[in-house]
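Results of the structural survey
Listed here are the chains, written in short residue letters.
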Amino acid sequence: MERMIGAMDSLPARVRLVIFDLDGVVYRGSEPVVGAADLVRWLHDRDVAVRFATNNSMVARPGYVERLGGMGIVTSVDEIVTSTSATIVHLRLHAPHMRSVLAIGADGMREELEEAGFAVDMAGDVRQAQPGEPLDRRYDAVIVGLDPAFDYQRLAVATSAVNAGAALVATNADARYPTPAGFLPGAGSMVAAVAAASGAAPEIIGKPEPAMFRAILEASGVPGSETVVVGDNPASDVIGARRAGCSAILVLTGVADAASVPDLEADSVPHAVAEDPSAVRDLLEPIVS
């Protein structure tokens, strides 16, 4: 196989923003992907805006800055976009009246929401005398991310809040996520439970829905026509990029391999395919600003 498979569709004539997925693109588990740090450094040296976008809602952005720094990638909190931080940007831009939230998620999610100025109650801390009874307060939104301690009590509290008028917002809808021990339930399984119990349709922010990428574009001021998403998953990264009006480079260091590329259809077809970060640079070199 050639190192660079190359373009399948037209990439932009000019690229001012590159958005990287993390797991499978920049690192695999605890191991960095060879060449990823060099690619990011090369883009920074050319003043190309860089963002790292992940559906993970459990870790706050400073945690990713530290993790990437340990892999030789110098970045800042402003360059990290989690599904929680994308949710915050989306709400600020499109629902600025929402300030009081009930959250299902981990500590990293709570930290991000509180730092952004939201009044946050975690569902695990709210008690009802009986499931289904009205809560002591009303919430503007119920925000659901991945919560390893998710249980019936959290489900009942969230359902009561939605039934009382709170909007249902999902940081992402990943039904499961991979671990070294196999797949585990993802945030999407918890979103589905709240949606089923309340009858409400969630607003989904994370990939493959376009809201995460659109939030990045709105915050950066760069249009999708000058943005490239580099991802390893056609079903989330590529589809999400296309839905947001961005171009997509599929890199074969994670979920997808060369044998799967000919079977991709519709919005899962990338604009270009590259074997590794070095091949991504070859594709971007003629078009970065």
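Residues numbered from 1 in each chain as written. Predicted model: local features only at pLDDT ≥ 70, side-chain atom pairs only at ≥ 80, totals over all residues. Heavy atoms only, no water.

1. Some thoughts on the nonpolar core
Formed by 39 residues in total, the largest nonpolar core has its most connected members in Leu113, Phe118, Ile143, Phe213, Ile216 and Leu250. Per-element tally for this core: the top contributor is helix H7 (residues 211-220), with 5 residues. By size, the runner-up hydrophobic cluster in this structure holds 35 residues, among which are Leu22, Ala37, Val48 and Val230. (Core = buried A, V, L, I, M, F, W, Y, C linked by side-chain atoms within 4.5 Å. Buried < 20%, exposed > 50% of the residue type's maximum accessible area, 1.4 Å probe, protein only. Helix = DSSP H or I, 4+ residues; strand = E, 2+ residues; numbered from the N terminus.)

2. What to know about unusual backbone geometry
Cis geometry is adopted by the peptide bond preceding Pro208, which originates at Lys207 and carries an omega value of 10°. Mapped onto the fold, Pro208 is located in the loop between strand E13 (203-204) and H7. Phi at Asp47 is positive, roughly 60°, even though this residue is not glycine. Mapped onto the fold, Asp47 is located in the loop between helix H1 (36-45) and strand E5 (49-54). What makes Asp47 exposed here is its relative accessible area of 69%. The backbone of Ala266 shows a phi angle near 50°, a positive value even though the residue is not glycine. Under the relative-accessibility criterion, Ala266 is labelled exposed at 67%.

3. Concerning the pattern of salt bridges
A pair can form between side chains of opposite charge whenever their charged atoms are brought close. For the structure shown, the criterion picks out 12 salt bridges. Here Asp21 makes a salt bridge to Lys207, at a shortest N to O gap of 2.9 Å. Here the residue Asp21 occupies a position in strand E2 (residues 17-21), and Lys207 occupies one in the loop between E13 and H7, the gap between them amounting to 186 residues. A relative accessible area of 10% means that Asp21 is categorised as buried. A salt bridge links Asp151 to Arg154, with the shortest nitrogen-to-oxygen separation between them at 3.3 Å. On the basis of relative accessibility, which here comes to 33%, the residue Asp151 falls in the partly exposed class. The exposure class assigned to Arg154 is buried, which follows from its relative accessible area of 16%. (Salt bridge = Lys/Arg side-chain N within 4 Å of Asp/Glu carboxyl O.)

4. Let's talk about the environment of Ala173
With respect to the element layout, Ala173 can be found in the loop between strand E10 (167-170) and strand E11 (176-179). Residue classification places Ala173 among the partly exposed residues on the basis of a relative accessible area of 37%. A sequence separation of 33 residues divides Ala173 from Gly206, and the C-alpha atoms of the two residues are 7.0 Å apart. Contact partners of Ala173, with chain neighbours within four places excluded, come to Gly188 and Ile204. (Contact = heavy atoms within 4.5 Å.)

5. With respect to the pairing of strand E9 (residues 141-144)
Regular strands place side chains that alternate from one sheet face to the opposite one. Side chains Ala141 and Ile143 project from E9 onto one buried face, and the interleaved Val142 and Val144 project onto a second face that is buried too. Sheet topology places strand E7 (residues 100-104) next to E9; 4 bridges connect them, and they run parallel. By the bridge assignment, Ile104 is partnered in E9 with Val144. (Pairing = 2+ DSSP bridges.)

6. So, the packing of helix H5 (residues 152-163) against helix H6 (residues 187-198)
Running from N to C, H5 and H6 point in directions that differ by 50°, and their axes come no closer than 9 Å. Between H5 and H6, the angle is such that the two are oblique. By crossing handedness, the relation of H5 to H6 is classed as right-handed. Note on element contacts: H6 touches H5 through Ala193, Val194, Ala197 and Ser198, opposite Leu155, Ala158, Thr159, Val162 and Asn163. (Axes fitted to C-alpha atoms, helices over the stretch in contact; angles between N-to-C directions. Parallel < 35°, antiparallel > 145°, perpendicular 65-115°, else oblique. Left-handed = near helix turned anticlockwise from the far one by under 90°.)

7. Digging into the environment of Glu79
Within the element layout of this structure, Glu79 appears in the loop between helix H2 (61-69) and strand E6 (80-82). The buried category is assigned to Glu79, whose relative accessible area is 11%. Counting along the chain gives 46 residues from Glu79 to Asp125, while the straight-line C-alpha distance between them is 32 Å. With residues up to four places along the chain from it excluded, the contact list for Glu79 reads His44, Val50, Arg51, Phe52 and Val74.

8. Overview of the packing of aromatic side chains
Tallied over the full model, the rule gives 1 aromatic pair. The ring of Phe118 has Arg99 sitting right over it, with the charged end atom 4.5 Å from the ring centre. (Phe/Tyr/Trp six-rings, centres within 6.5 Å; stacked < 30°, edge-to-face > 60°. Lys NZ or Arg CZ within 6 Å of the ring centre and 35° of its normal.)

9. Let's talk about helix H8 (residues 234-243)
Taking burial as the measure, the 10 residues of H8 include 7 buried ones, the bulk of the element. All of the buried residues along H8 are Pro234, Ser236, Asp237, Val238, Ile239, Gly240 and Ala241. Among the structural elements, E2, H7, strand E14 (227-231) and strand E15 (247-251) are those in contact with the buried residues of H8. At the N-terminal boundary of H8, the capping side chain belongs to Asn233, with an oxygen 2.9 Å from the backbone nitrogen of Ala235. The first or second residue beyond H8 is Gly245, which carries a positive phi of 85°. (Polar contact = N/O pair within 3.5 Å; in protein donor to acceptor, adjacent residues only side chain to side chain.)

10. Quick look at the side chain of Ser198
Within the fold, Ser198 resides in helix H6. Within the structure, Ser198 has its side chain in polar contact with the backbone oxygen of Val194 (distance 2.7 Å). Of note is the side chain of Ser198, whose polar atom sits 3.2 Å from the backbone nitrogen of Ala200. Among residues more than four places away in sequence, those in contact with Ser198 are Thr159, Val162, Asn163 and Leu168.

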